[in-house]
Amino acid sequence: MDLNELNEEQRKAVLTTEGPILVLAGAGSGKTKVLTTKIAYLIEECGVPPYNILAITFTNKAAGEMKDRLVKLVGDKINSAQISTFHSFGVRIIRENAPLLGYTNNFNIIDSDDSLTVVKKILKEMNLDSKQFNPTNIRNKISSAKNEMISPDEYEKYANSDIEEIVQTVYKKYEIILSKSNSVDFDDLLLLPIKLFKKYPDVLNRYQEKYRYILIDEYQDTNEAQYILTKMISSKYKNICCVGDNDQSIYGFRGANYRNILNFEKDYKNATVIKLEQNYRSTTNILDAANDVISHNKERKDKNLWSNKGKGEKISYYKAYNEKDEAFYVVRKIKELIKNCDYQDIAVIYRTNAQSRVLEEAFLNENIPYHIVGGTGFYNRKEIKDLLAYLRLINNTQDDISLSRVINVPKRGIGTKSVLNLEEKALKEEKSMYEVIDSGKEMAFKNIIEELINDSHDMTLTDLVDDVLEKSGIKEEYISEKSLEADIRLENLEEFKSITRAFEDREGVISLNDFLQDISLVTDIEYKYDPNTVNLMTVHSVKGLEFPYVFVVGMEDGLFPHINSIYNGTLSELEEERRLCYVAITRAKEKLFFVNARMRNMFGSSQSNQESRFIKEIREELIDKEFKDEEPTKKVFFDLDERPHFDHSDEIKEDVEYNIGDNVYHEVFGTGKVLEVGKSTLSIAFKHPYGIKKLMKNHKSINKL
DNA sequence: GCCTAAGTGCTTTTT
DNA sequence: GCACTTAGGC
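Remember, predicted model here, so these are calculated numbers, not experimental data.

Details of the overall build of chain A
Next, step 1: If you tally the helices and strands in chain A, you get 30 helices and 22 strands.
Next, step 2: Here the C-alpha atoms of chain A give a radius of gyration of 27 Å, agreeing with the 27 Å that 2.2 N^0.38 yields for 705 residues.
Next, step 3: Counting only C-alpha atoms and orienting by the principal axes, one finds that chain A spans roughly 75 × 75 × 55 Å.
Next, step 4: By the burial criterion, 54% of the 705 residues in chain A qualify as buried.
Next, step 5: A sequence separation of at least 24 residues applies to 76% of the contacts in chain A between residues at least 6 apart.

As for helix H24 (residues 484-507)
Next, step 1: Compared with an ideal rise of 1.5 Å per residue, which puts 24 residues at 34 Å, H24 spans 35 Å between its outermost C-alpha atoms and is within 8% of the ideal.
Next, step 2: Positive backbone phi, at 75°, marks Gly508, one or two positions downstream of H24.

What about the protein's contact with DNA strand B?
Next, step 1: In the region of DNA strand B, 29 residues are neighbours, and Arg254, Arg351, Asn353, Gly415 and Lys417 sit closest.
Next, step 2: Separating a phosphate oxygen of DNA strand B from a backbone N or O atom of Thr416 is a distance of 3.5 Å.
Next, step 3: Asn564 places a polar side-chain atom, nitrogen or oxygen, 3.2 Å from a phosphate oxygen of DNA strand B.
Next, step 4: Among the elements of the structure, helix H19 (416-429), helix H26 (539-542) and helix H28 (571-585) are those that each provide at least two residues to the surface near DNA strand B.
Next, step 5: For the surface near DNA strand B, the element with the highest residue contribution is H19, accounting for three residues.
Next, step 6: Split by residue class, the surface near DNA strand B holds six nonpolar, 16 polar and seven charged.

Let's talk about the sheet that holds strand S10 (residues 346-350)
Next, step 1: The strand order across the open sheet formed by seven strands is S11-S12-S10-S13-S14-S9-S17, and the pairing between neighbours is parallel. This sheet does not close on itself; its edge strands, each paired only once, are strand S11 (370-372) and strand S17 (623-625). Taken pair by pair, the neighbouring strands of this sheet meet at an average axis angle of 25°, ignoring direction.
Next, step 2: With five bridges connecting them, strand S9 (residues 315-320) and strand S14 (residues 588-597) associate as parallel partners. When the sheet's bridge partners are listed, Ala320 is paired in S14 with Ala597.
Next, step 3: Across the sheet, helix H15 (residues 323-337) lies against S9, S10, strand S12 (534-538), strand S13 (547-552) and S14, angled at about 155° from S14, the strand it touches most.
Next, step 4: Helix H16 (residues 356-365) rests against S10, S11 and S12 of the sheet, and its axis sits at about 160° to S11.

Section: the packing of helix H17 (residues 382-395) against helix H22 (residues 461-472)
Next, step 1: The contact between H17 and H22 brings their axes to 10 Å, and the two run at 105°. By the angle class used here, H17 and H22 are roughly perpendicular. Along its contact with H17, which presents Leu387, Tyr390, Leu391 and Ile394, the element H22 presents Leu464, Val465, Val468, Leu469 and Ser472.
Next, step 2: Residues that form the contact of H17 with H22 fall into these classes: eight nonpolar, one polar and no charged.

Considerations on the side chain of Asn182
Next, step 1: Structurally, the position occupied by Asn182 is in the loop between helix H8 (162-180) and strand S5 (183-185).
Next, step 2: What makes Asn182 buried here is its relative accessible area of 3%.
Next, step 3: Residues within four places of Asn182 in sequence aside, it is in contact with Tyr103, Thr104, Asn106, Phe107, Asn108, Asn396 and Gln398.

Quick word on the pattern of salt bridges
Next, step 1: Enumeration over the complete set of coordinates arrives at 52 salt bridges.
Next, step 2: Each of the salt bridges in this network shares a partner with another, and the network as a whole consists of Lys31, Asp217, Glu218, Asp221 and Lys543.

With respect to the packing of helix H4 (residues 86-96) against helix H11 (residues 224-234)
Next, step 1: As a packed pair, H4 and H11 sit with axes 12 Å apart at the nearest point and diverge in direction by 60°. Here H11 runs oblique to H4, going by the angle between their axes. By crossing handedness, the relation of H4 to H11 is classed as left-handed. Residues Phe86, His87 and Phe89 of H4 touch H11, and the partners they reach there are Gln226, Leu229, Thr230 and Ile233.

Observations regarding the side chain of Arg579
Next, step 1: On the secondary structure map, Arg579 appears in helix H28.
Next, step 2: Apart from residues no more than four positions distant in its own chain, Arg579 is found in contact with Asn246, Asp247, Gln248, Ser249, Ile250, Tyr258, Ile294 and Asn297.

Topic: the pairing of strand S18 (residues 663-666)
Next, step 1: Burial along S18 is one-sided: Val664 and His666 are buried, while Asn663 and Tyr665, pointing the other way, are not.
Next, step 2: The sheet contact formed by S18 and strand S19 (residues 670-677) spans four bridges and is antiparallel. Bridged to Val664 within S19 is Gly672.
Next, step 3: The hairpin turn running from S18 into S19, its antiparallel successor, is three residues long.
Next, step 4: Judged from the three bridges that link them, S18 and strand S22 (residues 702-704) form a sheet pairing that is antiparallel.

The rules behind the values
- Within each chain, residues carry numbers counting from 1 in the order of the written sequence.
- Chain letters and ligand numbers both follow the written order, the letters beginning at A and the numbers at 1.
- For a predicted model such as this one, the threshold for reporting local features is a pLDDT of at least 70, and the threshold for listing and counting side-chain atom pairs is 80 or more; totals across whole chains, interfaces and linings nevertheless cover every residue.
- Side-chain measures here rest on the full set of heavy atoms in the structure, leaving out hydrogens and waters.
- For helices the rule is a DSSP run of H or I covering at least 4 residues; for strands it is a run of E covering at least 2, with both sets numbered from the N terminus onward.
- Using C-alpha atoms as the atom set, the radius of gyration is obtained and then compared with a globule rule of 2.2 Å times the number of residues to the power 0.38.
- For each residue, the accessible area found with a 1.4 Å probe, counting protein chains only, is set against the maximum for its type, and the residue is called buried under 20%, exposed over 50%, and partly exposed in between.
- In this analysis, two residues are considered to be in contact whenever any of their non-hydrogen atoms come within 4.5 Å of each other.
- Expected helix span is computed as 1.5 Å times (number of residues minus one).
- A single heavy atom is enough: if one lies within 4 Å of a molecule or strand, its residue is considered near that molecule or strand.
- Polar contact is the term for a pair of N or O atoms within 3.5 Å; when the atoms are in protein, one must be able to donate a hydrogen and the other to accept it, and sequence-neighboring residues count only if both atoms are side-chain atoms.
- Charged residues are taken to be Asp, Glu, Lys and Arg, nonpolar residues to be Ala, Val, Leu, Ile, Met, Phe, Trp, Tyr, Cys and Pro, and polar residues to be all remaining types, Gly included.
- Any two strands between which DSSP finds at least two bridges are classified as paired.
- What counts as an axis is a line fitted to C-alpha atoms, over the stretch in contact for a helix, and the angles between N-to-C directions run from 0 to 180 degrees.
- Angle categories are assigned with fixed cut-offs, so that under 35 degrees is roughly parallel, over 145 is roughly antiparallel, 65 to 115 is roughly perpendicular, and the rest are oblique.
- Salt bridges are defined by distance alone: a side-chain nitrogen of Lys or Arg within 4 Å of a carboxyl oxygen of Asp or Glu.
- Handedness of a helix crossing follows the sense of rotation of the near helix relative to the far helix, less than a right angle counterclockwise being left-handed and clockwise being right-handed.

Here you go:
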């Protein structure tokens, strides 16, 4: 194996195969390369069987990429190694030991939305006003408790206020509802394996023997449960390699504890610590800016990240008039950049998902192909969640949560009262809601499910989806609605079948159970976009990625850093925002753009923000201001707001009449349907990306079909 | 039980 | 500016 491409420290990290090792890897220092090379080295040079390797990444995407790279290095045998997220790994362990944990194999995994539904339901039962007791807040508290491995009973010790006592009660009920439904939530995926290992040392021993070599990526983002789980499995052979960067810890809000990385040497005796400080990604101007910002954090280990890529260009900084101007600045710059690069070389990143909308509109109107990474997408749509609930119920009739969701979808005259009755009956008889159905309209529903269960035994997954859509009446409901909204829903359901089909092509015959458990951990589908698109995403989603050109928009106090971290936050929250900024800056290889707006529409009203304090933390000579400091007068501002930023006079088609329902074709974004006709805009629904997009009317790139 | 209209409160970030 | 909740009429 050729290790000559690695620098001395990287090589040391690869060659140190035995014992605990911590790799402190600064941004862009080649940690992914180290991890993949190390795994390949273990297999090829040390003769470690792939099934003895456990590699944990932070996202499914990162796991996929690591596998792809390793297939190229060592071939298909890598498939017997366990390379996945903590959560997928947890699913695997639970599946292999479900009965020991009191679950059947077809347990259901509920997402955070479903958790919230359960919490809301409990609050309602307890006659508590959801305004006074915020359900999201309570769910988060339960989640944190679980992540810190505090059981409902133990929670009593922590319950000092009225609200916390309520949280405890809700937590108790929540756990009962879940286990009764044979369901687990995301937190359980980590908790249950720990419980299992504590209770059954022989089972733990089996996994310790199996996973003799453990590698954890993004160690700074592990929470208490992940930390314990790692420690348990590695405690026998102690061949554990953790890679991370405490300056890039950005999931504190989710219980991540970056001290795990700082305490590594205490936790693992005789640990080898390796620092990767050479950055191979960015120019020094970009790196200096990143260092300037992060050096303002008090709670950190100092490190010296350097690069030999030369100074490069300064950071461009544009202060826009408002958020539209901000978006059009980005568009303008992209049009210049694109003369010498591809769209995929460019990323636009922001603090909150809500900021993507204005950018989307600008991109659509200016024909810039884009792709929004992450965010709420396909699986969050009502029609998809309904379909999934049907499939879950077919797979596991104990699933009260799914049953409650779809027993009246489409409308069957089963209202909240009837559902409540079912719940009470089920509780009294200690059965599932499904089991206690024995008459009335509910029985008709049960018969449909019975039929579907029967069908499911000798049907492919894709055919079963069709079957569900038919027999449930969902399909008919949407067809008869004849609205464009319903058409989009139907198309999305069709799209779902292409997912199941792809699944079947890849995995062969697959059980409903396998499919559901796999899909629960996927947050969004990989659409087959033209790969040559600009990437739009949050700072959280961009972690681990790099682009030659990076725009960071919304660089304003109150947005980035986020308002909550400034006012009701603690120092540590502001420091996390700063780390976020550090992550954002260090994504750029060649050129970085900061953009912000003097005025911004938030919640419908205009608001003016100060420039982000993070910009002020960067020495001036690194920044190139592309604006004049003085405030524009109100009059100028108003005109600018209305002013078209690009001259489209040669692109406007005369005399084209658009009507609602027209099919249209857009040169860059494909086919869509007109939903709404405004004075100067059309609302068009595109299949990809699903949903409604506003475009300029009579635009050259829109063609009636 | 269902539908509509008006009202409200909200947004951080995600496996 | 939107998504979700609630009240009131059918």
